[in-house]
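Below, each chain spelled out in residue letters.
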Amino acid sequence: NAGVTQTPKFRILKIGQSMTLQCTQDMNHNYMYWYRQDPGMGLKLIYYSVGAGITDKGEVPNGYNVSRSTTEDFPLRLELAAPSQTSVYFCASSTSGTGPYEQYFGPGTRLTVT
Amino acid sequence: DAKTTQPTSMDCAEGRAANLPCNHSTISGNEYVYWYRQIHSQGPQYIIHGLKNNETNEMASLIITEDRKSSTLILPHATLRDTAVYYCIVLGNYGQNFVFGPGTRLSVLP
C-alpha cells in the first residue's frame, strides 16, 4: 500500500492564480481530511469528507474548495491564491464507524504564494 | 471536543525515558486521548490512543489519570530520532474534528 499520496510536493504560485492539490489514498478509508500548517504552528483543519459526495467545512475553509467524487481522491482547490495561503498542506485519511480513529497523513505539499 | 494544554518544549537525554504531560481537564466520558508526533516537516504520525486504561504499544506507553483530566506519554528509551513535536488530542466517538494545538517540542540530547 502506498498509503496517502499528495502531489505536488512543492509549488510557487503568484497572487491570484489557482491550483489544485491532489490527494489519493489506497486504504479504502471513508474519512479524508485537509489540514494546513503555518510555520511553528499546529495543524488546522480546512475541510473533511466522511464519504464520496459528502464534504464539510473545518476550522479554516475560506479561500478553498473540495470535492469527493470517489473514495480514493480528495482534491483541494485554491482559487485566487493569496500570500496568507502560504503554508504546508497535509491530507489525511481514516476509517469510519464509531471510532476510535487513527489518521494516516500524506507527506505534505509546501505552497508559497508571492 | 475538549481542549488540551501541553508544555511548549522539553529536553531529554538519549537513552532515558521521556515523559510528556498533557492536561485535558474538560474531557468527557466518551472522548479518547490520542498522541501523534511530527518529525521535522513530515506528516504527523500516530503513536497511541486510550480511553481510561493505560495503554502500551511498541512505540510508547500512555498513562491516563483516574479522573481522566490528564495523561502522560512515555517514550521508555528516547533516541535522537524521537526528536519531534508531540501532539496530545482529545476526540469524541465520531472523530472528524482532530484539533492539533502547538504541541510539545521534544529535543533528545546526546
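> Tell me what's going on with the environment of B:Ser70, and back it up with residues and numbers.
Residues and elements named next belong to chain B. Looking at where Ser 70 falls in the secondary structure, it is placed in strand 7 (residues 70–75). For the pair formed by Ser 70 and Thr 5, sequence separation is 65 residues and the distance between their alpha carbons is 9.4 Å. Excluding anything up to four places from it in sequence, Ser 70 contacts Cys 22, Asn 23, His 24, Ile 63, Ile 64 and Thr 65.

> Can you lay out the state of the cysteines for me, pointing to particular residues and giving the numbers?
Inspection of every chain in the model, using the stated rule, returns 2 disulfides over all chains. Covalently, A:Cys23 is tied to A:Cys91 through a disulfide, its sulfur atoms 1.8 Å apart. On the sign convention where negative is left-handed, the bridge of A:Cys23 and A:Cys91, at about -70° about the S-S bond, is left-handed. Separated by 68 residues along the polypeptide, A:Cys23 in strand 3 (residues 19–25) and A:Cys91 in strand 9 (residues 87–94) bring together distant segments of the chain. Each of the two residues, A:Cys23 as well as A:Cys91, counts as buried. Of all cysteine sulfurs, the one in B:Cys22 lies closest to B:Cys12, which takes part in no disulfide; the gap is 18 Å.

> Pulling in residues and values, what's your account of the sheet that holds strand 3 of chain A?
Sheets are built from strands that pair by backbone hydrogen bonding, the pairs being arranged parallel or antiparallel. All names here are of chain A. Read across the open sheet, the 4 strands follow the order 1-3-8-7; overall the sheet is antiparallel. A strand with exactly one partner marks an edge of an open sheet, and here the two such strands are strand 1 (4–7) and strand 7 (64–66). Averaged over all pairs of adjacent strands, the angle between strand axes in this sheet comes to 20°, irrespective of strand direction. As paired elements, strand 7 and strand 8 (residues 76–78) share 3 bridges and run antiparallel to each other. By the bridge assignment, Asn 65 is partnered in strand 8 with Arg 77.

Cut-offs used in this document
Residues numbered from 1 in each chain as written. Chains lettered and ligands numbered in written order. Predicted model: local features only at pLDDT ≥ 70, side-chain atom pairs only at ≥ 80, totals over all residues. Heavy atoms only, no water. Helix = DSSP H or I, 4+ residues; strand = E, 2+ residues; numbered from the N terminus. Contact = heavy atoms within 4.5 Å. Disulfide = S-S within 2.5 Å. Buried < 20%, exposed > 50% of the residue type's maximum accessible area, 1.4 Å probe, protein only. Pairing = 2+ DSSP bridges. Axes fitted to C-alpha atoms, helices over the stretch in contact; angles between N-to-C directions.

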